[in-house]
Amino acid sequence: MSLLELRGLAVHYATARGTLHAVDGVDLDIARGETVGLVGESGCGKSTLGKALLGLAPVTAGAVRFDGVDLTALGARARAPFRRRMQMIFQDPFGSLNPRHTIGAILDAPLKVHGLGDRAARRARVAALIAQVGLPPDAVARYPHEFSGGQRQRIGIARALALEPDLIVCDEPVSALDLSIQAQILNLLVDLKRDLGLAYLFISHDLGVVRYFADRVLVMYLGRIVESAPAATLWRRPMHPYTRALIAAVPDPARRRQAAPLAGDLPSPQDVPTGCRFHPRCPFATELCRTTEPPPRTLDDGHDVACHHAETVAGA
Amino acid sequence: MVGTEPLLRIDGLTVAFPGETAVRDLSLAVEAGQTVAIVGESGSGKSMTALALMRLLPRSARITGGSARFAGRDLMALDEGAMRRVRGREIAMIFQEPMTSLNPVHTIGAQVAEVLRLHEGLGRAAARKRAIELLDLVRIADPARRVDDYPHQLSGGMRQRVMIAIAVACGPKLLIADEPTTALDVTIQAQVLDLLDRLRRDLSMGLLLITHDLGIVGQWADRVVVMYAGRKVEEGPPGALLEAPLHPYTAGLLGASPRKAEGLGYREARLAEIPGSISSARGEAGCAFAPRCRHAIASCRAAPPPPLVAHADGRMVACPVLAGSGAPS
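This one's a predicted model, so the numbers in the text were calculated from it and none came from an experiment.

A. Fine view of the packing of aromatic side chains. If you walk through the whole model with that rule in mind, you get 10 aromatic pairs over all chains. A centroid spacing of 4.5 Å and a plane angle of 45° characterise the contact between Phe202(A) and Phe213(A), whose relative ring orientation is tilted. Here the residue Phe202(A) occupies a position in strand 8 (residues 199–204), and Phe213(A) occupies one in helix 7 (residues 207–213), the gap between them amounting to 11 residues. Each of the two residues, Phe202(A) as well as Phe213(A), counts as buried. An aromatic cluster is built from Tyr200(A), Phe202(A), Phe213(A) and Tyr266(B), whose rings are joined through pairwise contacts.

B. Seen up close, the pattern of salt bridges. Residue and element names in this part refer to chain B. Following the criterion strictly, the structure yields 48 salt bridges over all chains and no others. One salt bridge connects glutamate 179 with lysine 46, and the closest N-O pair in it is separated by 3.8 Å. On the criterion of sequence distance, the pair formed by glutamate 179 in the loop between strand 7 (174–178) and helix 8 (186–202) and lysine 46 in helix 1 (residues 46–54) is long-range, its members being 133 residues apart. As far as burial versus exposure is concerned, glutamate 179 and lysine 46 are alike and both buried.

C. Quick peek at the pairing of strand 8 (residues 206–211) of chain B. All names here are of chain B. Of all the six residues making up strand 8, six are buried; the element is thus mostly covered by neighbouring parts of the structure. Residues Gly206, Leu208 and Ile210 point to one face of strand 8 and Leu207, Leu209 and Thr211 to the other, with burial holding for every one of them. Relative to strand 8, strand 3 (residues 35–39) runs parallel, the two being bridged by five bridges. Bridge pairing in strand 8 links isoleucine 38 to isoleucine 210. Pairing analysis gives five bridges linking strand 7 to strand 8, with the strands arranged parallel. For isoleucine 176, the partnering residue across the bridge sits in strand 8 and is leucine 208. Read as a crossover between parallel neighbours, the route from strand 7 over helix 8 to strand 8 is right-handed.

About the cut-offs
- Residues numbered from 1 in each chain as written.
- Chains lettered and ligands numbered in written order.
- Predicted model: local features only at pLDDT ≥ 70, side-chain atom pairs only at ≥ 80, totals over all residues.
- Heavy atoms only, no water.
- Phe/Tyr/Trp six-rings, centres within 6.5 Å; stacked < 30°, edge-to-face > 60°.
- Helix = DSSP H or I, 4+ residues; strand = E, 2+ residues; numbered from the N terminus.
- Buried < 20%, exposed > 50% of the residue type's maximum accessible area, 1.4 Å probe, protein only.
- Salt bridge = Lys/Arg side-chain N within 4 Å of Asp/Glu carboxyl O.
- Pairing = 2+ DSSP bridges.
- Right-handed = clockwise from strand over helix to strand, strands pointing away.

This is the structure in structure tokens:
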């Protein structure tokens, strides 16, 4: 059984300009200890999906099953013990760290809320968390502004670890960091996963990072998963035209001065195209694509793909 | 262009804030029609270099040394009136976040036309006509209709195209692009970089491209300058520099990049970290990178910092430890 199962998850918002289909029917499984990468461009719904499974965005339809229990059917009180086991780290940890609290107080807060241990036990746990993420022991008495971007992300990770979760949703955790610091944080996440058996949902727009970091990758476009496969398979043999375009758009010294092929802008999620959502930008689109939305299909090499012409795309 | 003066020659440029030097003794050249990339992370001085060239530095900053020869003049010695005639007309600049550079209460057409009326003295009708042509040049679909749109009606990629239209309106000889695609999605980034490269070629512009992305450097630049803590630490053609970096910092950046893992996942290959952060360069008398460098020896931390030394194939590097010992691993 998967640790987490999403079935037909939808998050719709009513706006003045009509319904916004941020997440529009997503199935997703994460096994214990697995890292699932979720890639897509801005507005595709990837962050909303991450928030929805933690109960931080309203679920319009579908199921969020954690250890087999559908959380959407539970009230807040019944959900609390599950919620503890799923945590989140953000792109900008500074925005989520109270500037008036010391690091010690920030890390103590979740322990206190959940009534874990007396004061001495919590103090010991805070010190252990600080060491675990590679911060100096004196960090406990210091304030968020005294730390660099990379160190703040370590604080955000320590806070996510405080309640010993099984799953951490990482929403663009290294996007705001310089390359030299990014490697430090990615290595830390790899170590923590190995030591603690964590599963990650790793949300990112950076395909290079996702290819390295994820066991399996899901590609999202306008609220839907268009392709998913083991990371290496996806890069070796992308079968959805959007995945191909994303990979081709990654800057690459091997393609000196060669343009990326994908034209056009992302459509608004308030104005989703008919048929296949990708058809207005797709070089493979036919009349069928304009009228009929392709259902997801499972292919023999571990691929799930939602494209009428996936076999043609893969061979092109 | 061999033997002739390049379009831009920066020589010994130094920019200081009270208590801090942002750019130290920087020299580089840009030829007409050439793309030179400055690569570095936050605090490397790459953006301050661009602002110094435009003479748009924050009030507390001072240019304390060096020159920037451009078309026969030293930009650092021009008075504000002369500089104003250079800016926008001969040297233009685009920034990371186009929304903050565009005026939200004016149509994009009016903002493109304003430059033409100011610098080229065009009348209202002629400026509007030319503005539509420029929007077409930067590949905005249906420019005759889009010209009356306001910035908020456009996507991020379209706004950056408008900024580029404004920047090239007067046919500048040099375009400075400071992280022009960092705020854009990857498919839009590719479109914008392709557009910049096409304009460089068609208008014979020099392009000074400031970026933190080594992939962009490798794909689009003719020459690369790597900066660390205000200094140029390495320079060369992108192929050689990315294949076999000579400075430990350049090598460190490449090792830290997940792309360099060549398809290997986290189970097969660990990313090479550069320990510490750039803040350790502060107050360092010798090589600014020494506190983070695994090749550092005692003399690296003694003043003065290592000078840039020329190597084969037009390469330069400021690291005596690795000079002659081959590329650092």
